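Tertiary structure, described
Residues per chain, in single letters:
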Amino acid sequence: MEEMILKLKQEIIEVLNLEDVQPDDINNDAPLFGEGLGLDSIDALELIVLMEKNYGIKLQDPAKGKEIFKSVNVMADYIQKNRTK
């Protein structure tokens, strides 16, 4: 799971162009939106595309996305359980 979390952090940094952020800067349990990493709704769309493209996961319900993108740990756990790629 640690390998998955590191890979996911690297993908988030790359997809969202977080230039001054390193994987170690992202707390696994910190919120991705608001106080934590400070992402916004446009970033959420980018994360949805990332999950679909890299892991074959299609999110049908936007409300579910809010729950999945709570933190890197929650997102990695969801990908582990639902990935098709």
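Above this text sits the structure in question.
Conventions used here
- Each chain has its residues counted from 1, following the order in which its sequence is written.
- Per-residue local features are limited, in this predicted model, to residues with pLDDT of at least 70; the limit for side-chain atom pairs, both in listing and counting, is 80 or more; totals at the level of whole chains, interfaces and linings are taken over all residues.
- In computing side-chain values, all of the structure's heavy atoms are included and hydrogens and water are not.
- By the criteria applied, helices consist of DSSP H or I runs no shorter than four residues and strands consist of E runs no shorter than two, each listed in order from the N terminus.
- Only protein chains enter the calculation, and the probe is 1.4 Å; a residue is then buried if its accessible area is under 20% of its type maximum, exposed if over 50%, and partly exposed in between.
- Working rule for contacts: check all heavy atoms of both residues, and any pair within 4.5 Å makes them a contact.
- When a carboxyl oxygen of Asp or Glu is within 4 Å of a side-chain nitrogen of Lys or Arg, the pair counts as a salt bridge.
- Axis definition: a line fitted to C-alpha atoms, limited for helices to the stretch in contact. Angles are taken between N-to-C directions and run from 0 to 180 degrees.
- Here the angle decides the label: under 35 degrees means roughly parallel, over 145 means roughly antiparallel, 65 to 115 means roughly perpendicular, and every other value means oblique.
- Less than a right angle of anticlockwise turn of the near helix away from the far helix marks a crossing as left-handed, whereas a clockwise turn marks it as right-handed.
- We call Asp, Glu, Lys and Arg charged. Ala, Val, Leu, Ile, Met, Phe, Trp, Tyr, Cys and Pro are nonpolar, and the rest, Gly among them, are polar.

1. Brief notes about the side chain of Asn28
The topology assignment puts Asn28 in the loop between helix H1 (2–15) and helix H2 (41–55). Taking the relative accessible area as the measure of exposure, Asn28 reaches 19% and is therefore buried. The residues touching Asn28, leaving out its near neighbours within four places in the chain, are Ile5, Lys9, Ser71, Val72 and Asn73.

2. Side note on the environment of Gly38
Topologically, Gly38 is positioned in the loop between H1 and H2. Of the residues examined, Gly38 reaches a relative accessible area of 45% and is grouped as partly exposed. Along the chain, Gly38 and Asp77 lie 39 residues apart, while their C-alpha atoms are 21 Å from each other. In this structure, Gly38 is in contact with Leu32 and Phe33, ignoring residues within four places of it in sequence.

3. A closer look at the pattern of salt bridges
All told, the structure shown has four salt bridges when counted by the stated rule. One salt bridge connects Glu11 with Lys7, and the closest N-O pair in it is separated by 3.9 Å. You can see Glu11 and its partner Lys7 sitting in helix H1, four residues apart, about one turn around the helix. Here Lys81 makes a salt bridge to Asp77, at a shortest N to O gap of 3.0 Å. Taken as a pair, Lys81 and Asp77 lie in helix H4 (residues 72–82) at a separation of four residues, close to a single helical turn. Of the residues examined, Lys81 reaches a relative accessible area of 64% and is grouped as exposed. Overall, Asp77 belongs to the partly exposed group, its relative accessible area being 31%.

4. Thoughts on the packing of H1 against H2
Following both chains from N to C, one finds H1 and H2 inclined at 125°, their axes separated by 11 Å at the closest point. Viewed along their axes, H1 and H2 adopt a mutual orientation that is oblique. For the crossing formed where H1 meets H2, the hand is right-handed. For the pair H1 and H2, the contacting residues are Met4, Lys7, Leu8, Glu11, Ile12 and Val15 in the first and Glu46, Leu47, Leu50, Asn54 and Tyr55 in the second. Looking at side-chain class alone, the contact of H1 with H2 contains seven nonpolar, one polar and three charged residues.

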